[in-house]
Number of protein chains: 2
Amino acid sequence: MHFPEALSLKSGASIHDYHLAFETYGELNADRSNAILVCHALNASHHVAGSYEGQPKSEGWWDNMIGPGKAVDTNKFFVIGVNNLGSCFGSTGPMHMNPDTGKVYGADFPVMTVEDWVNAQARLLDRLGITQLAAVLGGSLGGMQALSWTLQHPDRMRHAVVVASAPCLSAENIAFNEVARRAIVTDPDFHGGHFYEHRVVPKRGLRIARMIGHITYLSDDVMNQKFGRQLREGMDLKYSTQDVEFQIESYLRYQGDKFSDYFDANTYLLITRALDYFDPAKADGGDLTQSLAKAKAKFMLVSFTTDWRFSPARSREIVKALLDNRRTVSYAEIDAPHGHDAFLLDDARYMGVMRSYFENIASELNTAPATKEAA
Amino acid sequence: MHFPEALSLKSGASIHDYHLAFETYGELNADRSNAILVCHALNASHHVAGSYEGQPKSEGWWDNMIGPGKAVDTNKFFVIGVNNLGSCFGSTGPMHMNPDTGKVYGADFPVMTVEDWVNAQARLLDRLGITQLAAVLGGSLGGMQALSWTLQHPDRMRHAVVVASAPCLSAENIAFNEVARRAIVTDPDFHGGHFYEHRVVPKRGLRIARMIGHITYLSDDVMNQKFGRQLREGMDLKYSTQDVEFQIESYLRYQGDKFSDYFDANTYLLITRALDYFDPAKADGGDLTQSLAKAKAKFMLVSFTTDWRFSPARSREIVKALLDNRRTVSYAEIDAPHGHDAFLLDDARYMGVMRSYFENIASELNTAPATKEAA
């Protein structure tokens, strides 16, 4: 969808004549009350569920949770997936032309924040004729967007489902992001972010960034279970500092290579920066309770015991701040071995909790039109 | 000290005509029974204690623990610090000339293992006329050397003091090493390890390697205490993906720059590989109890609660395997906030434990000559 009018950004800059790529699943009901917005994290897109015709391996990134008869049931809900501004899966991003200069944006693409994405999503909903969402749902960075929705547009949603997220990044989180960014920016093929005109891609930097990311998405335990100290070729060491010896090395190199083939380097910088910047309590001197007083939604928070990137303790900070404000909060801490990645994986307890919560949201829907007429 | 004769290495290769840089502190006693060997970790050297004349900021890396009147008291002990082969602080390494080719070793420097270093250290002790050490002491990778000493030369030592170490690296540890190595190896200035002849240094890769290292040496808690989300310049964000915004970024960049000025890239590869390879239980099918049966020393193990790189659980694996073998083991798990770095820092409980243990070793010394004569 094309948006000609300028969107003011938190940085003071603005962007106009941009496109947002989005997908929808299910049917919007008569009173337009069953819409669920799904917000994506670093490496995902608007393609949330289902597969493309003739492409059997093209399942959406949350296809295990969202679809007909699934935990988030598209027979009941109208689900919207949207690719954020600055990403590289169809919405306007650094690889596109800046209408003001006629040149590719590159490093000049405006810096995006979670708040900016939420405002861009709200405009998309305006155009879709959706005044109030049944829920905003997101994991990790997507969870930050769901949280931010409750503060920026408290009357436009009834539920916020925040999975494996945090009220802000810790110093260690920022540190990992910074190393990944330095790897990209110091790659000689980055050319200050204007690599498109040099017809190169800073693949070395992207590979390193992805490898670091992958380590932090997994738990130490699951890495030991999956790879341990297993050698790649039989039992014999090759005694080499540069060749692959261990399976974990081979796995990381493969993940890095794959990522560097499709992900945009400027997008990586933009999205990790949006993560760094998100801090709704900052305006209230760090008092999260005070900042969350604006929220009106009912909340569901989910965290995973082995997630050390967005640990349960960080979710509990949000739960506490909401309880301080006497908001309605459900909280599930799922005992799962997979680290941060758990939010994308199948786990019976996790899926059970999500199903229950969305069934409750659906049950409100069924009676909603009647109640409204009565009022 | 120059060693002309060839040292056979675990890889099957060998090295000859090499030098080992070492320092000693205190006096060797009459029966040569008070020697303590200190083994270093990734980024340290033979310069363990004291300062160089006229260089007030040249304290050794364990100067807080080792010296006259300190926990490891050089009024009582003869302490030996030795720089390992392949390192870059004086002993023969990749930046030196290969006597067989007349060219700089570079990437052709033989791959070193913990076992090889221990054998090189044993040769140094032969030349110093020390048959049996009072103790071998090391932290992190240095602790692995202390542990390996008890298996390779069980009769040449009475105590092993293993601090913040592990019986082998986990998959996650190897993963972090691999990312750091890839950053170095894929730096265009690395030239396959033969960068010396191109008169360049792969500084980009070394910086990234050091930044990753630093994150894993610190705990999340101490990073939050020291840096938190503090901005570098006042309270205002600059909204930039490439400039420094947060203090933690500035700190990491500084550490990376400093490191890339003095550390050798091939040394980084070699030492992280030695870490990866160390796995004394491998020969016994992973049964650490069986492998440690060879050890005769008394053991002191120390770990730190917030160390997630070499967690207390890993030290406890060693303790259990020693107890299974009915060895004498002391174990201290120090509640310290500093992560892996804690082993280099001052902490009253840690220093107290070390002092007590080394006082016990010293008390054995005083009576040792008399006992020997009686025998």
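Residues numbered from 1 in each chain as written. Chains lettered and ligands numbered in written order. Predicted model: local features only at pLDDT ≥ 70, side-chain atom pairs only at ≥ 80, totals over all residues. Heavy atoms only, no water.

Novice: Describe the relation of the copies chain A and chain B, and please don't skip the residues or the numbers.
Specialist: When chain A is brought onto chain B, the operation consists of a screw motion whose angular component is 180 degrees and whose axial shift is 0.0 Å, with 0.0 Å RMSD remaining. Such a turn and shift between the copies fits a two-fold axis. By residue overlap, the copies meet face to face through one surface: 100% of the interface positions of chain A are interface positions in chain B. (Least-squares fit on C-alpha atoms with pLDDT ≥ 70 in both. Contact = heavy atoms within 4.5 Å.)

Novice: I'd like a description of the sheet that holds strand 5 (residues 22-25) of chain B, backed by residues and values.
Specialist: Residues and elements named next belong to chain B. Across the sheet, which stays open at both edges, the seven strands sit in the order 5-9-6-10-11-12-13 with mixed pairing between neighbours. Looking at strand neighbours, the two that pair on one side only are strand 5 and strand 13 (329-334), the edges of this open sheet. Strand-to-strand twist in this sheet, taken as the mean axis angle between neighbours without regard to direction, amounts to 15 degrees. Of the strand pairs in this sheet, strand 6 (residues 35-39) and strand 10 (residues 133-139) are connected by four bridges, and their pairing is parallel. (Pairing = 2+ DSSP bridges. Helix = DSSP H or I, 4+ residues; strand = E, 2+ residues; numbered from the N terminus. Axes fitted to C-alpha atoms, helices over the stretch in contact; angles between N-to-C directions.)

Novice: Go over the sheet that holds strand 12 (residues 298-304) of chain A, please, and point to the residues and values.
Specialist: Residue and element names in this part refer to chain A. If you trace the seven strands from one edge of the open sheet to the other, you get 5-9-6-10-11-12-13, paired in mixed fashion. Pairing within the sheet leaves two strands with one partner each, and these edge strands are strand 5 (22-25) and strand 13 (329-334). When the angles between neighbouring strand axes are averaged without regard to direction, this sheet yields 15 degrees. Sheet topology places strand 5 next to strand 9 (residues 78-82); four bridges connect them, and they run antiparallel. If you follow Tyr25 over to strand 9, its bridge partner there is Val79.

Novice: Describe the pattern of salt bridges, and please don't skip the residues or the numbers.
Specialist: As enumerated under the stated definition, the model contains 37 salt bridges over all chains in all. One salt bridge connects Lys70 of chain A with Asp63 of chain A, and the closest N-O pair in it is separated by 3.4 Å. We classify Lys70 of chain A as partly exposed; its relative accessible area is 26%. Among the residues examined, Asp63 of chain A registers a relative accessible area of 17% and is labelled buried. Between Asp126 of chain B and Arg156 of chain B there is a salt bridge whose closest N-O contact spans 2.8 Å. Placement of the pair is Asp126 of chain B in helix 1 (residues 114-128) and Arg156 of chain B in the loop between helix 2 (141-152) and strand 11 (157-163), with a sequence separation of 30 residues. Sharing partners across several salt bridges, the network here consists of Glu178, Arg181, Arg273 and Asp276 of chain A together with Glu249 and Arg253 of chain B. (Salt bridge = Lys/Arg side-chain N within 4 Å of Asp/Glu carboxyl O. Buried < 20%, exposed > 50% of the residue type's maximum accessible area, 1.4 Å probe, protein only.)

Novice: Before we move on, could you go through the packing of helix 3 (residues 171-185) of chain A against helix 4 (residues 203-217) of chain B and cite the residues and values that matter?
Specialist: Axes are the key here: two packed helices are described by the angle between their axes and the distance separating the axes. Direction vectors running N to C along helix 3 of chain A and helix 4 of chain B enclose 170 degrees, while the axes themselves pass 10 Å from each other. As the angle between them shows, helix 3 of chain A and helix 4 of chain B are arranged roughly antiparallel. Every residue of helix 4 of chain B that contacts helix 3 of chain A at Glu172, Ala175, Phe176, Glu178, Val179, Arg182 and Ala183 of chain A is listed here: Ile208, Met211, Ile212 and Ile215 of chain B. Classifying every residue of the contact of helix 3 of chain A with helix 4 of chain B by side-chain character gives eight nonpolar, no polar and three charged. (Parallel < 35°, antiparallel > 145°, perpendicular 65-115°, else oblique. Nonpolar A, V, L, I, M, F, W, Y, C, P; charged D, E, K, R; others polar.)

Novice: Can you explain the side chain of Ser45 of chain B? Please cite residues and give values.
Specialist: When you line up the elements, Ser45 of chain B lands in the loop between strand 6 and strand 7 (66-67). Within the structure, the side chain of Ser45 of chain B is placed 3.0 Å from the backbone nitrogen of His47 of chain B, a separation counted as a polar contact. (Polar contact = N/O pair within 3.5 Å; in protein donor to acceptor, adjacent residues only side chain to side chain.)

Novice: Tell me what's going on with helix 4 (residues 203-217) of chain A, and back it up with residues and numbers.
Specialist: Taking 1.5 Å of rise per residue, 15 residues should cover 21 Å, and helix 4 of chain A covers 21 Å from first to last C-alpha, within 8% of that figure. The element helix 4 of chain A is largely enclosed, with a buried count of twelve among its 15 residues. Here helix 4 of chain A has its buried residues at Gly205, Leu206, Ile208, Ala209, Arg210, Met211, Ile212, Gly213, His214, Ile215, Thr216 and Tyr217 of chain A. Residues of helix 4 of chain A that are buried make contact with helix 3, helix 5 (220-226), helix 6 (247-262) and helix 7 (265-277) of chain A together with helix 3 (171-185) and helix 4 of chain B. (Expected span 1.5 Å × (residues − 1).)

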